[in-house]
Amino acid sequence: EAGVTQFPSHSVIEKGQTVTLRCDPISGHDNLYWYRRVMGKEIKFLLHFVKESKQDESGMPNNRFLAERTGGTYSTLKVQPAELEDSGVYFCASSSPGTSGRNEQFFGPGTRLTVL
Amino acid sequence: LAKTTQPISMDSYEGQEVNITCSHNNIATNDYITWYQQFPSQGPRFIIQGYKTKVTNEVASLFIPADRKSSTLSLPRVSLSDTAVYYCLVGDSLGGGGNKLTFGTGTQLKVEL
């Protein structure tokens, strides 16, 4: 079974540009999450989808960030315009309601974003 | 959300047992304790979860005292490949992981020959 995949693995852009990150969750997983770790800080929650609906977006830092999950499959996270402080590693995770009651989320390898 | 405190780093040698303790004094009645492992350039990976007493799986054991204000992750006979960051997380656990995870600083475990 394929795990969570993220694209691209690395992205280097200039301040003011737009970047779109993609996450493909494990097939059949209704829950999809975005997290990020900015330099030297802890991994922080951004938002949570249940299928195509945003269940919790309390961690989104500001309106420059837009997440979508059309059709309830893959998700995109767009940063527009990117700022220097957006640099970091963006993780996607997914989980399934059928996972024996434990809070296990499956993480992708992350996208390393560098804003110059 | 309950805050967790764990050592920043630990060193060990191959073949030894490693115990990483996490403090969570404000743990709530509905909270579970979950440990994740993260290797460089990878996302975190679930290791083990428990509510009270002891839980054991093929990878580790988790010891939780009666007051649940702390927990200890035990890794038997570590190898070089166990070098990673280990995160202790505390939170409500709905079936299927339907909750956001709150990560702390984690413990960097370094295993040497």
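Above this text sits the structure in question.
Every chain begins its residue count from 1, and numbering advances along the sequence as written. To label them, take the chains in the order written and letter them from A, then take the ligands in the order written and number them from 1. Whole-chain, interface and lining totals are the exception, using all residues; otherwise, since this is a predicted model, local features are given only for residues with pLDDT of at least 70 and side-chain atom pairs are given and counted only at 80 or more. As a rule here, side-chain values come from all non-hydrogen atoms in the structure, and water together with hydrogens is ignored.

Quick look at the pairing of strand β8 (residues 75-79) of chain A
All names here are of chain A. Under the convention used in this document: Burial status follows relative accessibility: with a 1.4 Å probe on protein chains alone, a residue under 20% of its type maximum counts as buried, one over 50% as exposed, and anything between as partly exposed. Starting at the N terminus, helices and strands are each numbered in turn, a helix being any DSSP run of H or I of at least four residues and a strand any DSSP run of E of at least two. A pair of strands is labelled paired if DSSP reports no fewer than 2 bridges between them.
The buried fraction of β8 is high, at 4 of 5 residues. As paired strands, strand β3 (residues 19-24) and β8 are joined by 5 bridges and run antiparallel to one another. Counted as the bridge partner of Arg 22 is Thr 76 from β8. Where strand β7 (residues 65-68) meets β8, 4 bridges bridge the pair, whose relative direction is antiparallel. Within β8, the residue paired with Phe 65 across the bridge is Val 79. The turn joining β7 and β8, which pair antiparallel and follow one another in sequence, is formed by 6 residues; a positive phi near 80° is taken by Gly 71.

Some words on the pattern of salt bridges
Residues and elements named next belong to chain A. Quick reminder of the rule: The salt bridge definition used is simple: a Lys or Arg side-chain nitrogen within 4 Å of an Asp or Glu carboxyl oxygen.
Under the counting rule described, the total for this entry stands at 8 salt bridges over all chains. Between Glu 83 and Lys 15 there is a salt bridge whose closest N-O contact spans 4.0 Å. In this pair, Glu 83 is assigned in the loop between β8 and β9 (88-95) and Lys 15 in the loop between β2 (10-13) and β3, connecting sequence segments 68 residues apart. A salt bridge links Arg 36 to Asp 86; its shortest N-O distance comes to 3.9 Å. With Arg 36 in strand β4 (residues 31-38) and Asp 86 in the loop between β8 and β9, the pair connects residues that are 50 residues apart, well separated along the chain. With respect to class, Arg 36 is no different from Asp 86; both count as buried. Here the salt bridges share partners, and the residues they tie into one network are Arg 36, Arg 64 and Asp 86.

Quick look at unusual backbone geometry
With omega at -5°, the peptide bond leading from A:Phe7 into A:Pro8 counts as cis. By secondary structure assignment, the location of A:Pro8 is in the loop between β1 (5-7) and β2. Of note, the amide linkage connecting A:Gln80 to A:Pro81 takes the cis form, showing an omega dihedral of -10°. With respect to the element layout, A:Pro81 can be found in the loop between β8 and β9. A positive phi is found at B:Ser41, a non-glycine position, where the angle reads about 65°. Along the chain, the position of B:Ser41 falls in the loop between β3 (31-38) and β4 (45-50). Unlike most non-glycine residues, B:Arg77 shows phi in positive territory, near 45°. With respect to the helices and strands, the residue B:Arg77 is situated in the loop between β7 (70-75) and β8 (84-92). Accessibility expressed as a relative area gives 66% for B:Arg77, which makes it exposed.

Considering the state of the cysteines
Threshold: The rule for a disulfide is simple: a pair of cysteine sulfur atoms within 2.5 Å.
All told, the structure shown has 2 disulfides over all chains when counted by the stated rule. Between A:Cys23 and A:Cys92 runs a disulfide, and the two sulfur atoms are separated by 1.8 Å. The chirality of the disulfide connecting A:Cys23 with A:Cys92 is left-handed, given an S-S dihedral of about -60°. Highlighted residues: A:Cys23 in strand β3 and A:Cys92 in strand β9, separated in sequence by 69 residues. In this model, B:Cys22 is linked to B:Cys88 through a disulfide, with the two sulfur atoms separated by 2.2 Å.

Focus on the sheet that holds β7(B)
Remark on secondary structure: sheet strands pair via backbone hydrogen bonds, oriented parallel or antiparallel. Residues and elements named next belong to chain B. The test is simple: Note on geometry: axes are C-alpha line fits, over the in-contact stretch for helices, and angles between N-to-C directions span 0 to 180 degrees.
If you trace the 4 strands from one edge of the open sheet to the other, you get β2-β7-β6-β5, paired in antiparallel fashion. Of all the strands in the sheet, just β2 (18-23) and β5 (53-56) have a single pairing partner and so form its edges. The average angle at which neighbouring strand axes cross in this sheet is 15°, direction not considered. In this sheet, strand β6 (residues 61-64) lies alongside β5 in antiparallel orientation, the contact comprising 4 bridges. Bridge assignment links Thr 53 to a residue of β6, and that residue is Ile 64.

Description of the pairing of β4(A)
Residue and element names in this part refer to chain A. In terms of burial, β4 is largely enclosed, as 6 of its 8 residues are buried. Where β4 meets strand β5 (residues 44-50), 6 bridges bridge the pair, whose relative direction is antiparallel. Of the residues in β5, the one forming a bridge with Tyr 35 is Phe 45. Between the antiparallel neighbours β4 and β5 lie 5 residues, among them Gly 40 with a positive phi of about 75°.

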